Amino acid sequence: MLNKSKEIAVYVHWPFCAKKCPYCDFNSHVSKQEINYKDWEAAYKNEVNIEQDKLGGKIVRSIFFGGGTPSLMPPNLVDSIIQHIGKKWAITNKTEITVEANPSSVEIQNFKHLAVNGVNRLSLGIQSLNDNSLKFLGRNHKAKDSLKALEIAKKNFDRVSFDLIYGLPLQTAAAWEKELADAISLSGEHMSAYQLTIEKGTPFYSMHRDKKIVLPSESTLLNLYKITDSILKNAKLEKYEVSNYALKDAESIHNVKIWEGFEYCGIGPGAHGRIQKNNKWFATHKYSSPNIWLYKNLKGDSSLYKNDVIHPRERAQEILLTSLRLTKGMKIKTLFENTNITKLDTFINIDNLSRFKKIGLIHINHESLKITNKGFPLLDTIINKLLL
Ligand SMILES: C[S@@+](CC[C@H](N)C(=O)[O-])C[C@H]1O[C@@H](n2cnc3c(N)ncnc32)[C@H](O)[C@@H]1O
Ligand code: SF4
């Protein structure tokens, strides 16, 4: 039986930014025309209505406003979307509501308003505490702006997290250690540390191809990853996902739910969802183009670009892929309940599983399958070889 949980996670995508960062391949754009916020409000509401018709009554465990830069949305628009979701489904005092924010002065002014209207978690895109690195990353802000943003965020939100990017050209272990020490002195209960990834189609991709950007060597990157783990662990920020660290019980509920394989609904341009209906899983994908998405919703139409049934084996593999990112790993019973799969060997290469177990890269018992500390730096390779 598929898991018939009444709970759902809701992702809301805002596709605009003040400036496009040269490393970023998210569905984020600098709008060429003035944004008509009333139209966007009507469009989001239409999409929530359509999803509610499809899914029926649900308890919303989390809402995550991601982007793009959702902190650039007028706070009234954020309120209105939260309220509408609350009207159509049920928001409780346990619902985690996160907004991603950039540390610019315009957005800081909105923090209080957002907090008063139900946002209880802020995720700040600090990226670096070093002005030269911020310049290299093409960011609009300076380190001092982040300090100000953090100070105000901590006063307003129950929970505050921030993102850092490491593995920049010429970044030494000593420089990263210093940055992490500064970060810890500022941190709340959650931090994300992402290794810079060169994404196809971005300006960094061509610069990297043309050797204008040279990344640190594999061994340096591995060392930076290990340093991150150990310095943050000493500060009680335990790794709970490959790039995410938190004090006990302060993990991002929204992201953990999605990585564990629970049902989530994607609202907004390009948003993905995994929806259960009639004992089947569906992969949903909304039109990515902000203009097409807006046009369809303003007409009262569905903005679904794809709505594909996912075979139980394929869903099980997706859950393997995301839940192995978590240090607690994949709960075998939950996966079986969630997918109608009853045996691991229907979607996992059991020979490779035994091999990885023998050399200490993974740990498995009757409850869970998880990556060991030794295995984490090789996560992608391990997952690739586990998938049948
Ligand atoms: C969707 S972005 C949104 C946050 C916000 N717009 C910002 O940039 O501050 C989420 C996070 O992904 C990370 N990120 C985006 N592109 C990346 C890349 N190519 N390599 C590593 N991290 C990346 C950044 O740390 C960023 O904060
Ligand atoms: S990293 Fe954030 S601010 Fe930069 S383009 Fe991507 S979504 Fe926008």
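What comes next is a walk through the structure. Keep in mind the model is a prediction, meaning the values are calculated, not measured.

**Digging into the site of ligand 1**
Next, step 1: Around ligand 1, 17 residues are found, and the nearest of them are N102, Q127, R139, D163 and T197.
Next, step 2: At 3.1 Å from a nitrogen atom of ligand 1 is found a main-chain nitrogen or oxygen belonging to Y23.
Next, step 3: Within the backbone of G68, a nitrogen or oxygen atom sits 2.9 Å from a nitrogen atom of ligand 1.
Next, step 4: In the complex, 91% of the free accessible area of ligand 1, which totals 560 Å², lies under the protein chains.
Next, step 5: Of all the secondary-structure elements, those providing two or more residues to the shell around ligand 1 are strand 4 (121–127), strand 5 (159–166) and strand 6 (190–195).
Next, step 6: For the shell around ligand 1, the class distribution of residues is five nonpolar, eight polar and four charged.

**Notes on the packing of helix 14 (residues 350–358) against helix 15 (residues 379–386)**
Next, step 1: At a minimum axis distance of 8 Å, the contact between helix 14 and helix 15 shows a crossing angle of 145°. For the pair helix 14 and helix 15, contact is made by N352, L353, R355 and F356 and by I382, K385 and L386, respectively.
Next, step 2: Each residue belonging to the contact of helix 14 with helix 15 can be placed in one class, and the counts come to four nonpolar, one polar and two charged.

**Digging into the pairing of strand 1 (residues 7–14)**
Next, step 1: For strand 1, the buried fraction is high: seven of the eight residues fall into the buried class.
Next, step 2: Remark: the strand 1/helix 1 (residues 37–55)/strand 2 (residues 59–67) crossover connection has right-handed handedness.
Next, step 3: Pairing geometry for strand 1 and strand 9 (residues 264–267), over four bridges, is parallel. Across the sheet, A9 pairs through a bridge with Y264, a residue of strand 9.

**Considerations on the side chain of N297**
Next, step 1: Its location among the elements puts N297 in helix 11 (residues 290–298).
Next, step 2: Not counting chain neighbours up to four residues away, the residues in contact with N297 comprise A43, N46, E47 and S303.

**So, the packing of aromatic side chains**
Next, step 1: Evaluated as defined, the whole model comprises 13 aromatic pairs.
Next, step 2: Taking the centre distance of 6.2 Å and the plane angle of 20° together, the rings of Y11 and F64 count as stacked. Of this pair, Y11 sits in strand 1 while F64 is found in strand 2, placing the two residues 53 residues apart along the sequence. This pair shows no difference in class: Y11 is buried, exactly as F64 is.
Next, step 3: Ring geometry for W40 against W293: centres 5.2 Å apart, planes inclined by 25°, an arrangement best described as stacked. Taken together, the residues span a long stretch of sequence, with W40 in helix 1 and W293 in helix 11 at a distance of 253 residues. Judged on exposure class, the residue W40 and its partner W293 are both buried.
Next, step 4: Among the aromatic residues, those joined into a cluster by ring pairs are W14, F16, Y37, W40, Y44 and W293.
Next, step 5: The ring of F376 carries K239 above its face, with NZ or CZ at 4.2 Å from the centroid.
Next, step 6: The residue whose ring lies beneath R315 is W281, and the NZ or CZ to ring-centre distance is 4.2 Å.

**Details of the pattern of salt bridges**
If charged atoms from side chains of opposite charge come close, those side chains can pair.
Next, step 1: Enumeration according to the criterion identifies 20 salt bridges in this entry.
Next, step 2: Among the salt bridges present, the one from K286 reaches E51, with a minimum N-O distance of 2.7 Å. Of this pair, K286 sits in strand 11 (residues 280–286) while E51 sits in helix 1, placing them 235 residues apart in sequence. Across the pair, E51 and K286 agree in class, each one buried.
Next, step 3: A salt bridge links R315 to E318; the nearest nitrogen and oxygen atoms lie 2.6 Å apart. Residue R315 and its partner E318 are both found in helix 12 (residues 312–323); the two are separated by three residues, about one turn of the helix.
Next, step 4: One network of salt bridges, in which partners are shared, links E47, E51, K54 and K286.

**A look at the packing of helix 10 (residues 253–260) against helix 12**
Next, step 1: The geometry of helix 10 relative to helix 12 is characterised by a closest axis approach of 7 Å and an angle of 140° between their N-to-C directions. Compared by their axis directions, helix 10 and helix 12 come out oblique. Only I319, T322 and S323 of helix 12 make contact with helix 10, whose side of the interface consists of I258, W259 and E260.

The rules we used
Residues numbered from 1 in each chain as written. Chains lettered and ligands numbered in written order. Predicted model: local features only at pLDDT ≥ 70, side-chain atom pairs only at ≥ 80, totals over all residues. Heavy atoms only, no water. Near = heavy atom within 4 Å. Polar contact = N/O pair within 3.5 Å; in protein donor to acceptor, adjacent residues only side chain to side chain. Areas by Shrake-Rupley, 256 points an atom, 1.4 Å probe, with all protein chains shown as cover. Helix = DSSP H or I, 4+ residues; strand = E, 2+ residues; numbered from the N terminus. Nonpolar A, V, L, I, M, F, W, Y, C, P; charged D, E, K, R; others polar. Axes fitted to C-alpha atoms, helices over the stretch in contact; angles between N-to-C directions. Contact = heavy atoms within 4.5 Å. Buried < 20%, exposed > 50% of the residue type's maximum accessible area, 1.4 Å probe, protein only. Right-handed = clockwise from strand over helix to strand, strands pointing away. Pairing = 2+ DSSP bridges. Phe/Tyr/Trp six-rings, centres within 6.5 Å; stacked < 30°, edge-to-face > 60°. Lys NZ or Arg CZ within 6 Å of the ring centre and 35° of its normal. Salt bridge = Lys/Arg side-chain N within 4 Å of Asp/Glu carboxyl O. Parallel < 35°, antiparallel > 145°, perpendicular 65-115°, else oblique.

Purely spatial values, then, with no claim about function.
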